[in-house]
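# Results of the structural survey
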Amino acid sequence: MLDIRRLRTETDEVKAALARRGIDTVEVDRAIELDVQVRQLSGDRDDLRNQVKSLSKQVGTLRRDGKAAEAEEVQAESRRVGALEQELADRAAAVAEELHQVLLRIPNTPSPEAPDGAGDQDNPVIRIGGRDLGDFGDHQRIPHWELGTRYGILDNERAVKISGAMFTMQRKGGATLARALLSYALDRNAELYEEVRPPSLVTSETLTATGQLPKFADDAYHLERDDLWAIPTAEVPLTSIHRDEILDPAELPMRFMAATACYRREAGSAGRDTRGMLRTHEFDKVEIFAYATPEQAPMLLDEMVASVEATIASLGLAHRVIEICTGDMGQSHHRSFDVEVYAPGVDQWLEVSSVSWFSDYQARRGNIRYRPGGGGTAPVHTLNGSALAVPRVWAAIVETYHRPDGGIDVPEVLLPYFRGSNRIA
RNA sequence: GGAGCGGUGGCAGAGUGGACGAAUGCACCGGUCUUGAAAACCGGCGACCUGAAAGGGUCCGAGGGUUCGAAUCCCUCCCGCUCCGCCA
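Rules used in this analysis
- Residue positions are counted from 1 within each chain, in the order its sequence is given.
- Naming scheme: in the order in which they are written, chains are lettered from A and ligands are numbered from 1.
- It should be noted that, the model being predicted, local features are given only for residues of pLDDT at least 70 and side-chain atom pairs only at 80 or more, the latter also being counted only at that level, while totals for whole chains, interfaces and linings use all residues.
- To obtain the side-chain values, all non-hydrogen atoms of the structure were used and water was disregarded.
- Residue exposure (1.4 Å probe, protein chains only): buried if accessible area is under 20% of the type maximum, exposed if over 50%, otherwise partly exposed.
- Strands here are runs of E lasting at least two residues and helices are runs of H or I lasting at least four, both read from the DSSP assignment and numbered beginning at the N terminus.
- Think of it as the arc spanned by the lines of direction from the helix axis to the C-beta atoms.
- Note on contacts: a residue pair qualifies if any of its non-hydrogen atoms lie within 4.5 Å across the two residues.
- Strand pairing is assigned whenever DSSP detects at least two bridges linking the two strands.
- By convention in these notes, a salt bridge is any Lys or Arg side-chain nitrogen within 4 Å of a carboxyl oxygen on Asp or Glu.
- If even one non-hydrogen atom of a residue comes within 4 Å of a molecule or strand, that residue is called near it.
- The term polar contact refers here to a pair of N or O atoms within 3.5 Å; inside protein, the definition further demands a hydrogen-donor-capable atom paired with an acceptor-capable atom, and it admits residues adjacent in sequence only when both atoms are side-chain atoms.
- Axis geometry follows a simple rule: fit a line to the C-alpha atoms, using only the stretch in contact for helices, then measure angles between N-to-C directions, giving values from 0 to 180 degrees.
- What sets the label is the angle itself: under 35 degrees gives roughly parallel, over 145 gives roughly antiparallel, 65 to 115 gives roughly perpendicular, and the rest give oblique.
- Note on convention: near helix rotated counterclockwise from far helix by under a right angle means a left-handed crossing. Clockwise means right-handed.
- Throughout, the ten residues Ala, Val, Leu, Ile, Met, Phe, Trp, Tyr, Cys and Pro are labelled nonpolar, Asp, Glu, Lys and Arg are labelled charged, and all others, Gly among them, are labelled polar.

Listed in full, the buried residues belonging to helix α5 (residues 144-151) are His-144, Trp-145, Leu-147, Gly-148 and Tyr-151. Looking down the long axis of α5, one finds its buried residues gathered within 160° of arc, a one-sided arrangement. Facing away from the buried surface of α5 by more than 90 degrees, the exposed residues are Thr-149 and Arg-150. Looking at the buried side of α5, the elements it contacts are α7 (172-189) and α12 (390-400). With its phi angle positive at about 70°, Gly-152 sits one or two positions after the end of α5.

Before going further, it helps to spend a moment on the pairing of strand β14 (residues 381-389). In terms of burial, β14 is largely enclosed, as nine of its nine residues are buried. Sheet analysis places strand β8 (residues 282-292) next to β14, joined by eight bridges and oriented antiparallel. Paired with Val-286 across the bridge in β14 is Leu-388.

Note: strands within a sheet are paired through backbone hydrogen bonds, in either parallel or antiparallel orientation. With antiparallel pairing, the three strands of this open sheet are ordered in space as β3-β5-β4. Whereas interior strands pair on both sides, the edge strands pair on one side only; in this sheet they are β3 (201-202) and β4 (222-223). Relative to strand β5 (residues 228-230), β4 is paired through two bridges, and the arrangement is antiparallel. For Leu-223, the partnering residue across the bridge sits in β5 and is Leu-228.

Opposite charge on two side chains permits pairing when their charged atoms draw close. Applying the stated criterion across every chain, the model contains 29 salt bridges. One salt bridge in this structure joins Arg-45 and Asp-46, with 3.1 Å as the shortest N-O distance. When its relative accessible area of 38% is taken as the criterion, Asp-46 is described as partly exposed. A salt bridge links Asp-244 to Arg-243, with the nearest nitrogen and oxygen atoms 3.9 Å apart. Owing to a relative accessible area of 47%, Asp-244 belongs among the partly exposed residues under this scheme. The buried category is assigned to Arg-243, whose relative accessible area is 18%.

What surrounds RNA strand B is a group of 19 residues, the closest being Arg-39, Asp-46, Ser-78, Arg-79 and Thr-377. Protein-adjacent atoms of RNA strand B, using a 4 Å cutoff, are sugar or phosphate at a proportion of 78%. Arg-79 places a polar side-chain atom, nitrogen or oxygen, 2.3 Å from a phosphate oxygen of RNA strand B. Counting residues per element, the ones that place at least two in the surface near RNA strand B are α1 (4-9), α3 (26-64) and α4 (68-105).

Attention now goes to the sheet that holds strand β10 (residues 335-343). As summarised here, the arrangement of the eight strands in space is β1-β9-β10-β11-β14-β8-β7-β2, forming an open sheet in which the pairing is mixed. Single-partner strands in this sheet number two, and they are β1 (125-129) and β2 (194-195).

Moving on to the packing of α3 against α4. Axis separation between α3 and α4 bottoms out at 7 Å; the angle between their running directions is 160°. Judged by the inter-axis angle, α3 sits roughly antiparallel to α4. Of the two possible hands of crossing, α3 and α4 adopt the one that is left-handed. Partitioned by chemical class, the residues of the contact of α3 with α4 number 21 nonpolar, eight polar and 13 charged.

Below you can see the structure in the form of structure tokens.
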């Protein structure tokens, strides 16, 4: 959520920043218009409340002095003003709620440093690492769903029987690989990040703080009976850990990590990149997250990108880092980088991590503040990223580590998680 | 799921209709004293909205109601604790 005061005082700057996303800025005008009304109405309401309060005090005094008749008169007047006050209060509340709803739907302003662009085709590649794309042999040019079936480590046919389309099931070494990736990503980040095992079902309030609600309700699974939502990412519960709290600046930055299942309805993406493990309704992911001061945030963003990149590199996969341009950014993002791995069997770059800086956008929604020096409170900055999203890394490993003579090797860094074996299959 | 008791400032905790945004203690900040610290003493110390300021307003779990006036009374919901039931 953007600061309404910023909309009020820097209207043109905010509009220009939002225009870089390629979106219409009429909502900004709407918000400003409603804000004027809210302030007018609540000012008038406050005046009336003040009158009611002082009249009521007079009643008390008159009663005490035994002047019942006079008290009656003042009571009648107070009743009359009270009715007017109630009417204004209702109107003010209604307009304030409308303003709130408008604000919830206005996206974050991109960082001045974020590159301009209309869509994902404009995302600049920042770095490329790992092996050369020409280095892969024919034995590695087989899609992971074929290898998975051949070696009995992926059983999507039965996953679909159990749960329907776009669910997957790993077996044997494939299941071990999925679990090993989670443990590995957690272990690598354990020095800086506190490990958390958050709830997977969350309230609407929690899902609103990060920005999924109200705009993207269709993308999430909702359990109506209990009004709970299945988390699409651990970012959701992690961001709300300190919701409605005021943090001690001495404790910032605070870093958390969590391995959780993630649930996404993938509404509107049916049939697109859905084979094998490329896009699924449920997948495991290790998320890293931080609360920071505005000053700390850029440094943490660099730190997170570097850390994610190093994790992927250590798995021996071809990979690259791209920066997300203004036209391709998520609603809450201020600045964002993706890490992609190259999967030789499907011959595609696969997004396996997205690291983002949200400035104070989520903190305003979640009312997460700290005390900066010099008094008062200010919203913190939030950042997060996938340290490792399992399915696509799984796919890239299975394809990359397929041997010319058959079988699939375990990447060296994962050997400690394979119970003494050096083969996935 | 049932019964009982609760939910007040960073924490603890008083307040059961009229000057209560709220005693007191702890914590915290500033000062005096001290070489320094501690102790003692003095002072300060919630958040939010609005306003140039003075000021005004909101917030005692949430929402609604009663009343001239609600932290205080009533209703609904949420959360916690204790006991019972169920249960990995």
